[in-house]
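# Topology and contacts: notes
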Amino acid sequence: MRNRLISLMIVMIACLTFTGSTLALGADDIVVQPRSSMIVTCGLSKSGSRYKAWSRTEVSLSTNLTASVYLYQVVGGSEVLITSASNNGSGTSLTASKSRSLASGTYVVRGSGTAGSSSGSDSCTVVVP
């Protein structure tokens, strides 16, 4: 009985020695990448007599980013494009902005951004007195 147990152990050790590395191999084509949360914000800031439309794309992990901002004036219920700007780069935060003098009225700022394969957008309505 003891000889059988020893023989069985030797056979198991030999099998694991020859096939153990094969069992440890996995699929090399599967790459797990952590997902990064993305936030897009936009707004209209006043600087002296000019206004700056801006959009910011932020992520928690550094990647390739794009940020775009579009400024529309609301005229008779329709939105008319006034100006736009975009920016490309890498990192965790990127801003696109454009300054302009504005007449009184209602404006809509739309911001969009991408981070890797993710995309997002934001918008806000501002009344300029």
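As the structure is a computational prediction, the values presented were derived from the model and not from experiment.

### Here's the deal with the side chain of Thr-83
Within the element layout of this structure, Thr-83 appears in strand β3 (residues 78-100). For Thr-83, a relative accessible area of 9% translates into the label buried. In contact with Thr-83, other than residues within four places in its own chain, are Val-69, Tyr-70, Leu-71, Lys-98 and Arg-100.

### A short note on the side chain of Ser-68
Along the polypeptide, Ser-68 turns up in strand β2 (residues 50-75). The exposure class of Ser-68 is buried, given its relative accessible area of 13%. In this view, Ser-68 contacts Ser-55, Ala-85, Ser-86, Ala-96, Arg-110, Gly-111 and Ser-112; residues no more than four positions away in its chain are not counted.

### Digging into the environment of Ala-115
By secondary structure assignment, the location of Ala-115 is in strand β4 (residues 105-115). The spacing of Ala-115 and Asn-64 is 51 residues in sequence and 5.8 Å in space, taken between C-alpha atoms. For Ala-115, the contacting residues outside a window of four places in its chain are Met-38, Val-59, Thr-63, Asn-64 and Leu-65.

### A short note on the environment of Thr-41
Looking at the element boundaries, Thr-41 is found in strand β1 (residues 38-47). Filtering out sequence-adjacent residues up to four positions away, Thr-41 remains in contact with Trp-54, Ser-55, Arg-56 and Asp-122.

### Structural notes on the nonpolar core
By size, the foremost hydrophobic cluster in this structure holds 17 residues, and its most contacted members are Leu-44, Val-69, Leu-71, Leu-102, Val-109 and Val-128. Going through the elements one at a time, β1, β2, β3 and β4 are the ones with two or more residues in this core. Ranked by residue count, the leading element in this core is β2, at seven residues. Leu-71 has contacts with Leu-44, Ala-53, Val-80, Leu-81, Ile-82, Thr-83, Leu-102, Tyr-107, Val-108 and Val-109, leaving out every residue within four places of it along the chain.

### Focus: the state of the cysteines
Defined simply, a disulfide is a covalent bond joining two cysteines at their sulfur atoms. Across all of its chains, the model carries zero disulfides by this definition. The cysteine Cys-42 is free of any disulfide, with Cys-124 supplying the nearest cysteine sulfur at 4.2 Å. On the accessibility criterion, Cys-42 (10% relative accessible area) is buried.

About the cut-offs
- Residue positions are given per chain, counting from 1 as you read along its sequence in written order.
- Note on the predicted model: pLDDT of at least 70 is required for a residue's local features to be given, and 80 or more for side-chain atom pairs to be given and counted; whole-chain, interface and lining totals, by contrast, use all residues.
- Side-chain metrics in this entry use all non-hydrogen atoms of the structure; hydrogen atoms and water are not considered.
- Numbering of helices and strands starts at the N terminus; helices are DSSP runs of H or I of at least 4 residues and strands are runs of E of at least 2.
- Residue burial is assigned from relative accessible area. The probe radius is 1.4 Å, only protein chains are included, and a residue is buried under 20% of its type maximum, exposed over 50%, and partly exposed in between.
- Any two residues whose heavy atoms approach within 4.5 Å at even a single point are treated as in contact.
- Buried Ala, Val, Leu, Ile, Met, Phe, Trp, Tyr and Cys residues form a nonpolar core when they are joined through side-chain atoms within 4.5 Å.
- The disulfide criterion used throughout: a pair of cysteine sulfur atoms within 2.5 Å.

It is worth stressing that arrangement in space is one thing and function is another; only the former is reported here.
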